[in-house]
Structures are given as C-alpha cells and as structure tokens.
Amino acid sequence: MHLPLFPFFLIVSSFVLVVSCSSDEYTEVRAYYFPVEALEEGLVYAYAAELGDTTERRYWYYRAFPRDSGLFLVGTQYDRFFQINQIVREKIDASGAIARQVWLYELDSTRQKVIPVEAVIEADDLFPFWVRDSTGVFLYRLKYRPPFDTSAEIYLIRNRRYLGAGPDFNFEGKKYPVIRFSVREAVGHQAEGAAEIEGTGEEWYAKGLGLVYFCKTFGDKSQIQFAFRLRERFPMRELERRAAEAFKQKGEGVHDEYLVPSH
C-alpha cells in the first residue's frame, strides 16, 4: 500500500538556502559528523544492539579519500557475521555529506550467493552541515532492482529533521555533546503490485565522533524495532582478526562477500 504522508519529500533540502540566509538563522554542525579529515587510515565503528538480541552487532568501516575533485568518505557496513551489507561513497562539501555511490549486497537468482548491486540515487542528502530548526527536511532516496527478481524494484525514502541538542554521550571515559535528528523512512517493493512499510526513529551525532546512536520502529504496533549504540572504535585489522577467529571456530574460510576493502 502507499501511505499518504510523503508529499513533504518533494521539499528541497533546506540547507541549500544557506547561501541566501544569514549565519544568525543557521547553525553549523559539521563538527558533529564523522571526523573525516582524521580517517585517512580508516576506522571501524562497532555498534551494539540495545533492544532484542543484545549480542547483535553492526560494524561500519569508514575511510577518507582526499582527491583532486574533493574529499570523499567511504563507509562499508558489515553484519555480526562479518558479511558486507552495503558500501556508501559520499562527498564532503560545504553544505554537508552527499551520497555519490551506493552498493547493496543481495542474493542472486539462485539465492545462494551474495552479489553487489549499484543503487540509483534520486536524492543524496546524508548529513547537513547547516541547520536551523525542525522545519528543514533533508532527503535521501534510492532505488534498485534485486538480482533475484529484476522485474521488481525496491526503494528507500528517508528524511531527517534537526531536533536540537541531545544528552551528552559517554564514550571511552569522556562526555561528548550531541545533536539529534528525527528519521522517517518508507521502504517499498514494486513488482506486479506495490507494498510499503513506514518507519520512524532518531539518530544522535556526537561532536568529534559522528553517529553514536540510532533507533527505528517499522510497521504498526512496533512490528519491527531496533536500537544501536556505539561501543567501540578500532582499526580494520582488528575486525579482520575477529572475523578470522569466528570463521576458525566454525571451521570455515572467509568468503568473497566478507571483509572486502573499501575503495
């Protein structure tokens, strides 16, 4: 079904208006995003679940790439089994972090092998560097065709609204100031018919760290609900060590879809 609550997605992201507004109306929040300039060697952010199965983990490996055309940040997400879920390549400019390329890892038509699929980015706002209040909408939208059914189309619509300051975040013995964003999502599947599920949640960003907490609820009566908090940061070699140990315990080798380096 299609929900009638997304007309506001057509609103152009408010931070584009920064060039025509005074600094008194907008606040710069770039310091709350990932410390891109310090990530040229790469760093893994390990998030632990706080709802449901608390052994659940999500790992994001972030690495910065200065280029003649600008500064880029590549994030690679791994699940608790160290399998890649997605790779996001973003450009860092004066207005914020802008999605430039997204690869999603999906099962092929045999349902036995995971392969990368490049998504089509229709709206590219990942994080604004200038905010004012909750009336501004920052839109991220993409679509792709899964390899197991190329006649279908899966899409994601996500918008963020700035909510202001949040509670300090305690990490490794230090307290970090936080800002919050509300998140509203729609995930849809279009084939012969159409199906769509709506989600709402929040993201917290800590100054000098980046994303430190996120939670979402999808469907009616909390059908799907999750929350993750940043627990650790470490080099990629530590993630590789943990993956190797996990596969050793299972008596398995590392498959192609595991721990592919970002580039």
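If you're wondering where the values come from, they're calculated on a predicted model, not measured in any experiment. (Residues numbered from 1 in each chain as written. Predicted model: local features only at pLDDT ≥ 70, side-chain atom pairs only at ≥ 80, totals over all residues. Heavy atoms only, no water.)

Chemist: Could you clarify how one ought to interpret the overall build of the protein chain in this entry?
Modeler: In terms of helices and strands, the protein chain carries one helix and 15 strands. For the protein chain, the proportion of its 263 residues judged to be buried stands at 48%. About 13500 Å² of surface is accessible on the protein chain, with carbon and sulfur atoms providing 49% of the total. (Helix = DSSP H or I, 4+ residues; strand = E, 2+ residues; numbered from the N terminus. Buried < 20%, exposed > 50% of the residue type's maximum accessible area, 1.4 Å probe, protein only. Areas by Shrake-Rupley, 256 points an atom, 1.4 Å probe, with all protein chains shown as cover.)

Chemist: Hey, could you run me through the confidence of the model for the protein chain in this one?
Modeler: Atom-level detail of predicted coordinates should not be read off regions where pLDDT is low. Mean pLDDT over the protein chain works out to 86, with 83% of the residues at or above the 70 mark. Between the elements of the protein chain, mean pLDDT differs from a low of 90, seen in strand 7 (residues 114-118), to a high of 98, seen in strand 2 (residues 43-49). Confidence over residues 1-22 falls short of pLDDT 50; this stretch has 43 contacts with residues more than four positions distant or in other chains. (pLDDT = per-residue confidence, 0-100. Contact = heavy atoms within 4.5 Å.)

Chemist: What exactly am I supposed to notice about the layout of surface pockets here?
Modeler: Think of a ball as big as a water molecule: rolled over the atoms, this probe shows where empty space is left. If you add up the space inside the largest pocket, you get close to 990 Å³. Considering the residues around the largest pocket, the lining is formed by 33 residues, among which Gln77, Gln86, Leu156, Arg158 and Lys216 are closest to the centre. The biggest single contributor to the lining of the largest pocket is strand 11 (residues 153-171), with five residues. Partitioning the lining of the largest pocket into residue classes produces 21 nonpolar, four polar and eight charged. (1 Å grid on protein atoms, 1.4 Å probe; cavity = no way out; pocket = protein on both sides within 12 Å on 5 of 7 lines; lining within 4 Å. Points joined across faces, edges and corners; volume = space filled by probe spheres on them. Nonpolar A, V, L, I, M, F, W, Y, C, P; charged D, E, K, R; others polar.)

Chemist: In this structure, what is going on with the packing of aromatic side chains? I would like to understand it.
Modeler: Between two aromatic rings, the relevant description is the distance of the centres plus the angle of the planes. All told, the structure shown has 22 aromatic pairs when counted by the stated rule. Seen from the ring of Phe226, Arg58 lies directly overhead, with NZ or CZ sitting 4.9 Å from the centre. In this structure, Arg89 is placed above the aromatic ring of Phe72, and the distance from its NZ or CZ to the ring centre is 4.3 Å. (Phe/Tyr/Trp six-rings, centres within 6.5 Å; stacked < 30°, edge-to-face > 60°. Lys NZ or Arg CZ within 6 Å of the ring centre and 35° of its normal.)

Chemist: Looking at this model, I keep getting lost on the pairing of strand 6 (residues 96-107). Mind explaining?
Modeler: Successive side chains on a regular strand alternate, one facing one side of the sheet and the next facing the other. Here seven bridges tie strand 5 (residues 84-92) to strand 6, and the two strands are oriented antiparallel to one another. Note on strand 6: the bridge partner recorded for Ile92 is Ala97. Of the strand pairs in this sheet, strand 6 and strand 8 (residues 120-128) are connected by three bridges, and their pairing is antiparallel. If you follow Gly96 over to strand 8, its bridge partner there is Pro128. Strand direction decides the pairing type here: strand 6 and strand 7, joined by five bridges, are antiparallel. The residue of strand 7 that forms the bridge with Tyr105 is Pro116. (Pairing = 2+ DSSP bridges.)

Chemist: Please explain unusual backbone geometry as it appears in this structure.
Modeler: Most peptide bonds are trans, and most residues other than glycine sit at a negative phi. Positive phi is not limited to glycine here, since Phe82 has a value of about 70°. Following the sequence through the fold, Phe82 ends up in the loop between strand 4 (70-78) and strand 5. The phi angle at Glu172 is positive, at roughly 50°, despite the residue not being glycine. Structurally, Glu172 can be placed in the loop between strand 11 and strand 12 (174-190).

Chemist: Mind showing me how you'd approach the pattern of salt bridges here?
Modeler: A complete count under the given rule lists 19 salt bridges for this structure. The salt bridge involving Glu50 is made with Arg229; its shortest N-O contact spans 2.6 Å. With Glu50 in the loop between strand 2 and strand 3 (57-67) and Arg229 in strand 15 (residues 224-234), this residue pair connects regions lying 179 residues apart in the sequence. Among the residues examined, Glu50 registers a relative accessible area of 29% and is labelled partly exposed. Of the charged contacts in the structure, one is a salt bridge between Lys143 and Glu153, with a shortest N-O distance of 4.0 Å. Taken together, the positions of Lys143 in strand 10 (residues 138-144) and Glu153 in strand 11 put the pair ten residues apart, joining distant regions of the chain. (Salt bridge = Lys/Arg side-chain N within 4 Å of Asp/Glu carboxyl O.)

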